[in-house]
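# Summary of the model geometry
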Amino acid sequence: MDTSPCRDSTRTDNESKRLDFLNGTSMHCANQKDPKQRTIRVTNGRLFRDGKIESGDLWVSNGKILDAEAYFYSKTQCHNMIPDVVIDAKEMIVSPGFIDIQINGGYGVDFSDPSLTEDQVIHVRRSLLATGCTSICPTLITSTPQTYSHNFPLLAPSEGSVLRGCAILGVHAEGPFLSKDRPGAHPSEYIQSPKDGEESVLRCYEDIRNVKLVTLAPELEGSIETIRYLRSQGITVSMGHTAAHIDEAIRAVDTGATLITHLFNAMTPFHHRDPGI
């Protein structure tokens, strides 16, 4: 039986030496693949496995953690065993980053501030990265169309980096299609119903290219049509700030709503005859 390391027969000696060198350094990239398609090996780290922290390597491919045993003992995958990127964790703990899909700002910055600047956004992103938060959906509360048109481009989806901080997945628009009976901290003068569906959305937000999540009250006039339109645009819909009854909530879910924003807060209280959302 040949017990030598599995190698791609098409590799030249120089290429093999280069990759072997790269595998021994702290952090490097062996090619220019799209970052999301690279195979990454995190070596010399401490991993949480089977209820305990132990030393080991972590392999990631196409954004997913690999089952090392199934991957490396499969002959069909033999030619892919060389990582595109190697990271030396230097005996630090390797763990998933926190993803925050409802964050209104931080560190003295409000994402709903009509005078928001790019430098302020980067300040929040870099500060969050230091806490272990690796991705966010910056959240705007109910605002004016002018604020949406100014702030949305500043909060467009962006890859994370050491210089710019955590990644932005897209905007979470929490409002203005909310219940005036459950406004919470939202300014009631800007709350409205999406009675015209798509037209109401575009009249309010103007440009939805950077929006990934919308919170709305499903009982409002036009909400079902609005949910249907948002889903057709690839936007996730969450129910919140709502006085909806259970039947209205079920209809919204059947139409495409998949999340609930701060469950039990700013919504119909639980009742034995009508559990609400």
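These remarks concern the structure in this document.

### A closer look at the pairing of strand S2 (residues 39–49)
Sheet topology note: the S2/strand S3 (residues 52–61) ladder contains nine bridges and is antiparallel. Across the sheet, residue Arg 41 finds its bridge partner in S3, namely Trp 59. Hairpin connection, S2 to S3: the antiparallel pair is bridged by two residues, and Asp 50 has positive phi, about 50°. As defined by bridge partners, S2 adjoins strand S5 (residues 85–88) across four bridges and the pair is classed as parallel. Note on S5: the bridge partner recorded for Ile 40 is Val 85. Sheet analysis places S2 next to strand S6 (residues 93–94), joined by two bridges and oriented parallel. Its bridge partner being in S6, Leu 47 is matched across the sheet by Val 94.

### Let's talk about the packing of helix H5 (residues 198–205) against helix H6 (residues 223–232)
Relative orientation of the contacting elements H5 and H6 amounts to 70°, with a least axis distance of 8 Å. Our classification of the angle between H5 and H6 gives roughly perpendicular. On the side of H5, the interface is formed by Glu 198, Val 201 and Leu 202, while H6 contributes Thr 226, Tyr 229 and Leu 230. Tallied by class, residues from the contact of H5 with H6 come to four nonpolar, one polar and one charged.

About the cut-offs
- Residues numbered from 1 in each chain as written.
- Predicted model: local features only at pLDDT ≥ 70, side-chain atom pairs only at ≥ 80, totals over all residues.
- Heavy atoms only, no water.
- Pairing = 2+ DSSP bridges.
- Helix = DSSP H or I, 4+ residues; strand = E, 2+ residues; numbered from the N terminus.
- Axes fitted to C-alpha atoms, helices over the stretch in contact; angles between N-to-C directions.
- Parallel < 35°, antiparallel > 145°, perpendicular 65-115°, else oblique.
- Contact = heavy atoms within 4.5 Å.
- Nonpolar A, V, L, I, M, F, W, Y, C, P; charged D, E, K, R; others polar.

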